[in-house]
Amino acid sequence: MTYAQEPAKLTAGDVMSRVLVTVEPTETPLMAWELMRRSEVHHLPVVDRNGKVSGILCREVIAGNWYGGPETLARQQVGDLLGRERRPRVCVDTPLPQVAATMLDSGCDAVPVVGEGGVLLGLITAVDMLAVIAGRPPKERVGADTTPALFRMEPVLHPPGAAR
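Residues numbered from 1 in each chain as written. Predicted model: local features only at pLDDT ≥ 70, side-chain atom pairs only at ≥ 80, totals over all residues. Heavy atoms only, no water.

Caption draft 1: Structural view of the pairing of strand β2 (residues 43–47). Taking burial as the measure, the five residues of β2 include five buried ones, the bulk of the element. What you see with β2 is no split at all: H43, P45 and V47 on one side and L44 and V46 on the other are buried throughout. Pairing analysis gives five bridges linking β2 to strand β3 (residues 53–58), with the strands arranged antiparallel. Considered in β3, the bridge of H43 is made with C58. If you look at the hairpin formed by β2 and β3, you'll find five residues sitting between the two strands, and G51 has a positive phi there, around 90 degrees. (Buried < 20%, exposed > 50% of the residue type's maximum accessible area, 1.4 Å probe, protein only. Helix = DSSP H or I, 4+ residues; strand = E, 2+ residues; numbered from the N terminus. Pairing = 2+ DSSP bridges.)

Structure below.
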């Protein structure tokens with residue numbers, strides 16, 4: 001597959017980002033914010049322990065719920081921030097024009113790419129779509145290995161008084 005092809009001939013699996021940092025629905029928004037900041041991403045897939053995607057958390061949602069200081073975000077859960085809005089998703093073989101239509105119709109600038117049972121395989125953002133139009137592959141797709149790599153970071157709590 002070449003990225004010089006017409007976007008209409010590509011599928012979600014051809015352009016999705018496969019190297020992702022994820023967070024569980026029970027994690028705090030404060031931790032999610034820190035993961036986004038350190039990973040330099042704007043979208044964080046919310047995934048349960050079985051790999052099933054619950055939704056995509058974006059920086060704007062966290063910022064919109066940031067009131068009362070960091071302690072407020074430390075008492076909430078990421079899953080609570082996903083709300084009741086529609087959570088679109090696409091399959092690996094979904095044609096790229098249909099992915100774009102899904103994003104436009106739902107007002108989302110990122111959609112998860114899922115496999116059987118709703119398991120997260122990748123993520124397509126508006127930036128990924130622009131890269132395709134510009135004829136550029138996602139950075140992690142330049143090499144031959146295209147296996148999805150999902151990372152989950154877990155906090156390490158130091159006991160009070162312990163050296164850090």
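Picking up where we left off.
Caption draft 2: Up close: the environment of V90. Structurally, the position occupied by V90 is in strand β4 (residues 90–91). V90 has contacts with A12, V99, T102, V111, P112, V113 and V114, leaving out every residue within four places of it along the chain. (Contact = heavy atoms within 4.5 Å.)

Caption draft 3: Helix α2 (residues 29–39), seen in detail. For α2, the set of buried residues is P29, M31, A32, L35 and M36. Projection of α2 onto a plane perpendicular to its axis shows the buried side chains occupying an angular sector of 155 degrees, all on one side. One or two steps after α2, the chain reaches E40, where phi turns positive at roughly 55 degrees. (Arc of directions from axis to C-beta.)

Caption draft 4: Examining the pattern of salt bridges more closely. Enumeration according to the criterion identifies three salt bridges in this entry. R49 serves as the salt-bridge partner of E24, at 3.2 Å between the closest nitrogen and oxygen. With E24 in the loop between β1 (19–22) and α2 and R49 in the loop between β2 and β3, the pair connects residues that are 25 residues apart, well separated along the chain. For E24, a relative accessible area of 13% corresponds to the buried category. (Salt bridge = Lys/Arg side-chain N within 4 Å of Asp/Glu carboxyl O.)

Caption draft 5: Expanded view of the state of the cysteines. Applying the stated criterion across every chain, the model contains zero disulfides. Of all cysteine sulfurs, the one in C58 lies closest to C108, which takes part in no disulfide; the gap is 8.6 Å. (Disulfide = S-S within 2.5 Å.)

Caption draft 6: Local environment of the sheet that holds β4. Pairing is mixed across the open sheet formed by three strands, whose spatial order is β4-β5-β6. Both outer strands of the open sheet, β4 and β6 (120–125), are each paired with one neighbouring strand and no more. Alignment of β4 against strand β5 (residues 110–114), held across two bridges, turns out to be parallel. From the neighbouring strand, C91 faces β5, where its bridge partner is V114. The strands that helix α6 (residues 96–106) touches are β4, β5 and β6; relative to β5, the one it contacts most, it runs at about 130 degrees. (Axes fitted to C-alpha atoms, helices over the stretch in contact; angles between N-to-C directions.)

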